[in-house]
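This is what each chain is made of:
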Amino acid sequence: MTWIAAVTRLRARRESGVLVTVATVRGHAPREAGAKLVVGHDETWGSIGGGNVEAVAIDRAREMLTAAKAEPELMDFALNDKVTNQHGVQCCGGTVSILLEPLPVVRAVAIFGVGHVGLELARILARQDLDLHLIDSRADMLTDTRLNTLSDAVAQLHVHHTPLLPEEILEDLPHGTHILIMTHDHAEDAALCDAALRTTHLGSVGLIGSAAKWARFRKRLTTEGGHDDPVIDRIKTPIGLSDITGKEPATIAVSVAADLLRTFENEGE
């Protein structure tokens, strides 16, 4: 398997990994500069030459996988019989530098409702390295022609048409997915809020709408849904930056995207 395929597999599995690259070579070494190895929690793919260099790199990569916030780092190796090595002698005679780059699990975002605001928001978030889920009960919101504006997306797009019960998709979303609820139907929004509060593996939950809408929803979530206040407080509403007050779809989308990116940064602190 190529290293690109291995990275793709880790991403599809939503597993973290480390990309190990031979950065520089001086003299003789088992592999040339550019050789790559992908290290996962339980598997490796590719090779940077075997022996002590590869074994030490794998050990360090596995340490990085358990670190709270790993950063890229360089490791230098002298390949001669005068150096005491952890995993045996390599006496090729050269020196190599190895670059280790963490491959974190990418964040996931789900937009429920791909109307005017939802599509503008998708256009912005599609420029981020995300797994971006677009969910709508209306098939005409998810046509290829309409979503063609996302054809150059950096994000991995996942489109879901859910004509009956869009809330059922919540259970299938990846762990930690951030939820943005902005459908065309307040009843649909309310059902999604209730279901999101019952789905424990999600990230943040945001709801678009006015204070009056939220007051009705909050009462319903308490009386009909049986949720207590701390649980209901998981839902953030209104979403977006409070000092951006424009009501144009593109303006709202910029505000919501900026607020979400700030949430991402707070997660990493």
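Residues numbered from 1 in each chain as written. Predicted model: local features only at pLDDT ≥ 70, side-chain atom pairs only at ≥ 80, totals over all residues. Heavy atoms only, no water.

Chemist: Break down the nonpolar core for me, with residues and values.
Modeler: Core analysis: the biggest nonpolar cluster contains 24 residues, and Val109, Ile111, Leu121, Leu125, Leu132, Leu134 and Leu180 have the highest contact counts within it. Within the residue set of this core, elements represented by two or more residues are strand E6 (107-112), helix H3 (116-125), strand E7 (130-136) and helix H8 (249-267). Apart from residues lying up to four places away in sequence, Leu121 is in contact with Ile111, Leu180, Met182, Ala253, Val256 and Ala257. Ranked by size, the runner-up nonpolar core spans 22 residues in total, among them Ile169, Leu173, Leu207 and Ile232. (Core = buried A, V, L, I, M, F, W, Y, C linked by side-chain atoms within 4.5 Å. Buried < 20%, exposed > 50% of the residue type's maximum accessible area, 1.4 Å probe, protein only. Helix = DSSP H or I, 4+ residues; strand = E, 2+ residues; numbered from the N terminus. Contact = heavy atoms within 4.5 Å.)

Chemist: I'd love a proper account of the packing of helix H5 (residues 186-197) against helix H6 (residues 211-223), names of residues and values included.
Modeler: A packed helix pair is summarised by two numbers, namely the angle formed by the two axes and the spacing between the axes. Across the interface, H5 lies against H6 with an axial gap of 11 Å and an inter-helix angle of 50°. Judged on the interaxial angle alone, H6 and H5 are oblique. In terms of crossing hand, the pair formed by H5 and H6 is right-handed. In this structure, H5 uses His186, Asp189, Ala190, Cys193, Asp194 and Leu197 to contact H6, whose residues at the interface are Lys213, Arg216, Phe217, Arg220 and Leu221. Looking at side-chain class alone, the contact of H5 with H6 contains 5 nonpolar, 1 polar and 5 charged residues. (Axes fitted to C-alpha atoms, helices over the stretch in contact; angles between N-to-C directions. Parallel < 35°, antiparallel > 145°, perpendicular 65-115°, else oblique. Left-handed = near helix turned anticlockwise from the far one by under 90°. Nonpolar A, V, L, I, M, F, W, Y, C, P; charged D, E, K, R; others polar.)

Chemist: Give me the environment of Trp214: which residues, what numbers.
Modeler: Counting through the fold element by element, Trp214 comes out in helix H6. Trp214 sits in the buried class, given a relative accessible area of 14%. Placed 11 residues apart in sequence, Trp214 and Gly203 show a C-alpha to C-alpha distance of 20 Å. Each residue touching Trp214, except ones within four places of it in the same chain, is listed here: Leu207, Leu221, Ile232, Ile235 and Thr237.

Chemist: I'd like to hear about the sheet that holds strand E1 (residues 17-26), residue by residue, with values.
Modeler: Across the sheet, which stays open at both edges, the 5 strands sit in the order E3-E2-E1-E5-E4 with antiparallel pairing between neighbours. Each end of this open sheet is capped by a strand with a single partner; those strands are strand E3 (44-46) and strand E4 (73-78). This sheet shows a mean twist of 20° between the axes of neighbouring strands, independent of strand direction. Where E1 and strand E2 (residues 36-39) come together, 4 bridges link them in antiparallel fashion. (Pairing = 2+ DSSP bridges.)

Chemist: Please set out the packing of aromatic side chains residue by residue, giving values where relevant.
Modeler: Under the criterion given, the structure shown has 0 aromatic pairs. One Lys or Arg, Lys36, reaches over the ring of Trp3 and ends 5.1 Å from the middle of that ring. (Phe/Tyr/Trp six-rings, centres within 6.5 Å; stacked < 30°, edge-to-face > 60°. Lys NZ or Arg CZ within 6 Å of the ring centre and 35° of its normal.)

Chemist: So what's going on with the environment of Ile244? Which residues, and what values?
Modeler: Residue placement: Ile244 occurs in the loop between strand E11 (235-236) and H8. For the pair Ile244 and Val256, spaced 12 residues apart in the sequence, the C-alpha separation amounts to 9.6 Å. Aside from chain neighbours lying at most four places away, what touches Ile244 is Thr251 and Ser255.

Chemist: Lay out the pattern of salt bridges with the relevant residues and their values.
Modeler: This model, assessed by the stated rule, comprises 18 salt bridges. Two residues, Glu15 and Arg13, come together in a salt bridge whose shortest N-O distance is 3.8 Å. Residue Glu15 is classed as partly exposed on the basis of its relative accessible area of 32%. Judged by its relative accessible area of 36%, Arg13 is partly exposed. For Asp136, the salt bridge identified is with Arg138, shortest N-O distance 2.9 Å. Residue classification places Arg138 among the partly exposed residues on the basis of a relative accessible area of 22%. A single network of salt bridges, built from pairs that share partners, joins Arg11, Arg14, Asp129 and Asp131. (Salt bridge = Lys/Arg side-chain N within 4 Å of Asp/Glu carboxyl O.)

Distances and angles like these do not, on their own, reveal function.
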